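Per-entry structural report
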Amino acid sequence: MNMMTRCPICSSSELHAFFKVRNVPVHCNSLWHDRTAAQACARGDIQLAICASCGFMTNVCFDEELTSYSQHYDNSLFFSSFYRDYAEQSAAELISRYGLYQKTIIDIGAGQGDFILLLCRTGQNWGIGFDPALDPARLADGLNEHVLFIRDNYSERYSHCKADLFCCRHVLEHIQYPRQLLSAIRHSADGNEEAALFFQVPNSHYTLSRCAIWDIIYEHCSYYTPSSMFYTFTAGGFLVQEIVEEFGGQYLSLYGLSADDPSTNEPSSSQAWPDLLSDFQNKADALIDQWNARLQEMKKESSTVVLWGAGSKGVSFLNMVEMANSISAIVDLNPRKQGHFIPGAGHAIISLNELARIDPDVVIVANPVYLNEVRQLLRQLHLDAEVMSL
Ligand SMILES: [Zn+2]
């Protein structure tokens with residue numbers, strides 16, 4: 001494996017490393033039936049670097065060969081009613097913004113089809129969903145009436161597929177060289193300046209400014225701030241209309257058109273970043289120390305502690321914080337994850353019923369946006385645990 005030496009967006013060789021973590025699981029959302037196998041999962045190193053020219057951030061140690069997605073991969077968030085409400089609202093806004101009625105929509109990285117189904121049902125649209133991890137047995141109900149599913153990565157070979165909207169949520173951060181994907185879309189949209197784009201990625205400004213290190217995972221080789229996302233898309237030949245922070249600031253949503261906008265095609269300065277990045281590693285190390293101390297204290301008090309959320313943040317926390325081995329179990333609303341084990345750390349993933357049996361003293365919620373939903377569910381289960389978040 002060769003370390004990346006040039007920025008994949010602007011080709012600058014000025015990549016400055018600012019955060020390192022070794023030996024983390026390569027896949028946070030892979031499903032393991034067996035604890036020993038989960039603990040022996042593939043691991044890799046993360047070394048985040050920022051491009052001094054365009055502000056793009058990347059894991060220079062990323063090795064694409066280690067990451068192969070399969071149907072044993074599941075990162076669906078649609079089991080949370082809070083997330084479902086958010087997705088429904090997001091789909092409705094998108095349909096209204098671009099007048100998407102009886103149009104064609106391409107969804108790149110469609111998962112099990114939940115979001116494209118929302119778009120197609122609400123606006124009577126026709127969809128094409130691409131996802132190499134598609135499991136035909138788990139497709140969202142009613143998908144076949146509206147959506148053609150292609151079990152593959154979207155690439156240049158599909159640029160003959162035309163669409164009125166290119167939707168791509170939580171995919172770009174997994175792609176080491178995003179310009180290839182954007183170029184394929186660019187070719188597909190040639191001649192149709194009205195073709196719209198909706199891209200959503202984790203907001204790295206949120207990650208860095210809040211030292212949310214649990215969001216830094218091996219699967220994410222690319223990290224976007226509003227300015228680097230803007231540059232990536234304008235350099236890719238698109239007109240960026242708006243980039244907004246959503247989902248409690250954790251996501252960046254880009255709305256754009258396939259019309260070119262050469263006037264804005266300059267890398268933005270990353271001058272605002274050095275202060276934030278210069279002591280990021282120290283802050284991250286201090287945060288890990290704090291959690292080790294807190295969990296040590298809880299162990300001393302013989303508290304039963306569970307973590308809520310077997311997604312990326314939870315898996316990352318369990319693998320970065322040594323004392324997390326004192327956590328009893330991980331609860332997750334996604335029934336497909338229950339009964340499985342956390343990659344690397346090896347904790348069991350349990351259901352709400354099992355949580356009620358455990359009757360925990362402390363519930364640590366991996367993602368703070370779900371705090372209210374978790375408190376409500378705990379009340380319904382008559383569980384009186386102390387609730388905190390990462
Ligand atoms: Zn760059």
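Residues numbered from 1 in each chain as written. Predicted model: local features only at pLDDT ≥ 70, side-chain atom pairs only at ≥ 80, totals over all residues. Heavy atoms only, no water.

1. Examining the pairing of strand β4 (residues 104-108)
Selection rule: Burial classes: relative accessible area under 20% of the type maximum marks a residue as buried, over 50% as exposed, and values in between as partly exposed (1.4 Å probe, protein chains only). Going along the chain from the N terminus, every DSSP run of H or I of four or more residues is numbered as a helix, and every run of E of two or more is numbered as a strand. In this analysis, strands are considered paired if DSSP registers two or more bridges between them. By convention, a crossover is right-handed whenever its connection, traced from the first strand over the helix to the second and viewed with the strands pointing away, goes clockwise.
Taken across its five residues, β4 has four buried, putting it largely inside the fold. The pairing of β4 with strand β5 (residues 126-130) spans five bridges and is classified as parallel. Bridged to T104 within β5 is W126. The parallel pair β4 and β5 is bridged by helix α3 (residues 114-123), and the resulting crossover is right-handed.

2. A closer look at the sheet that holds strand β1 (residues 15-25)
One open sheet accounts for four strands, arranged β1-β2-β3-β9; its pairing is antiparallel. What marks the edges here is a single partner per strand, and that holds for β1 and β9 (222-223).

3. Brief notes about the coordination of the zinc ion
Octahedral metals with six donors have ideal donor angles of 90 or 180 degrees. Tetrahedral metals with four donors have an ideal donor angle of 109.5 degrees. We apply this condition: Only nitrogen, oxygen and sulfur atoms count as donors, using a 2.8 Å cut-off from the metal that widens to 3.2 Å for Na, K and Ca. Water is left out, so coordination shells may look unfilled. Working rule for geometry: tetrahedral if four donors all subtend angles between 85 and 135 degrees; square planar for four, octahedral for six, if opposite donors exceed 155 degrees and the others stay between 65 and 115; irregular in every other situation.
The protein atoms donating to the zinc ion are C7 (SG), C10 (SG), C51 (SG) and C54 (SG), with metal-donor distances spanning 2.3 Å. Taken together, the four donor atoms surrounding the zinc ion define angles of 100 to 115° at the centre, an arrangement classified as tetrahedral. Along the chain, the residues donating to the zinc ion fall in the pattern C-x2-C-x40-C-x2-C. You can see C10 sitting in the segment before β1 and its partner C54 sitting in the loop between β2 (43-51) and β3 (57-59), a full 44 residues away along the chain.

4. A closer look at the packing of aromatic side chains
Under the convention used in this document: Classification of ring pairs uses Phe, Tyr and Trp, with its six-membered ring standing for Trp, and accepts pairs whose centres are within 6.5 Å; under 30 degrees between planes counts as stacked, over 60 as edge-to-face, and the remaining range as tilted.
Overall, the coordinates contain 18 aromatic pairs when judged by the stated rule. Between F198 and Y255 the ring centres are 5.2 Å apart and the planes differ by 40°, which places this aromatic pair in the tilted class. Here the residue F198 occupies a position in strand β8 (residues 196-202), and Y255 occupies one in strand β11 (residues 251-257), the gap between them amounting to 57 residues. Both residues of the pair, F198 and Y255, count as buried. Residues F247 and Y251 carry aromatic rings whose centres are separated by 4.5 Å and whose planes lie at 10° to one another, so their mutual orientation is stacked. Across the pair, Y251 and F247 agree in class, each one buried. Ring pairs connect the aromatic residues Y83, Y86, F247, Y251 and Y370, which therefore count as one cluster.

5. A word on the domain arrangement of the protein chain
Let me state the cut-off plainly: The domain limits used here are those given by an automatic or database domain assignment. Summed over both partners, the accessible area lost on bringing two parts together, with a 1.4 Å probe, is the buried area. Only one rule defines a salt bridge in this text: a Lys or Arg side-chain nitrogen within 4 Å of an Asp or Glu carboxyl oxygen. Polar contacts, as counted here, are pairs of nitrogen or oxygen atoms within 3.5 Å of one another; within protein the pair requires one atom able to donate a hydrogen and one able to accept it, and residues that are adjacent in sequence qualify only if both atoms are side-chain atoms.
Each assigned domain of the protein chain is listed with its residue range as follows: domain 1 (81-258) and domain 2 (279-389). The gap between the C-alpha centroids of domain 1 and domain 2 is 30 Å. Carbon and sulfur atoms supply 66% of the area buried between domain 1 and domain 2, which totals about 1,600 Å² over both sides. If you sort the residues of domain 1 by the area they bury against domain 2, C211, I213 and W214 come out on top, with a joint share of 42%. A salt bridge links K313 to D215; the nearest nitrogen and oxygen atoms lie 2.5 Å apart. Where domain 1 packs against domain 2, one counts four residue pairs in polar contact (both at pLDDT 80 or more). Every element with two or more residues in the side of domain 1 that touches domain 2 is listed here: α2 (81-98) and α6 (204-209).

6. Points about the nonpolar core
Which entries qualify depends on this criterion: By nonpolar core is meant a set of buried Ala, Val, Leu, Ile, Met, Phe, Trp, Tyr and Cys residues that side-chain atoms within 4.5 Å join together. A contact between two residues is defined here by any heavy atoms of the two lying within 4.5 Å.
Counting residues in each nonpolar core, the largest one holds 48 residues, and the members touching the most others are I213, W214, L295, F317, I327 and I364. At the level of elements, β1, β2, α8 (274-278), α9 (280-300), β12 (305-308), α10 (312-320) and β15 (362-365) are the ones that each hand at least two residues to this core. Of all the elements, α9 adds the most residues to this core, at seven residues. Each of two domains, domain 1 (81-258) and domain 2 (279-389), supplies a minimum of three residues to this core. Setting aside chain neighbours within four positions, we find I327 in contact with L295, V305, V306, L307, F317, L318, H347 and I364. Grouped together as the second largest cluster of nonpolar side chains are 43 residues, A87, I95, A329 and Y370 included.

7. Some words on α2
Side chains three or four residues apart in an α-helix point the same way, a direct result of the helix having 3.6 residues per turn. The criterion, for reference: Given a helix with a known number of residues, its expected span is that number minus one, times 1.5 Å. Each direction from the helix axis to a C-beta atom contributes to the arc, which is the arc of those directions.
Compared with an ideal rise of 1.5 Å per residue, which puts 18 residues at 26 Å, α2 spans 26 Å between its outermost C-alpha atoms and is within 8% of the ideal. Of the residues making up α2, those classed as buried are Y83, Y86, A87, S90, A91, L94, I95 and Y98. One face of α2 carries all of its buried residues, which in axial projection span an arc of 165°. Residue G99 follows α2 closely and has a positive phi angle near 55°.

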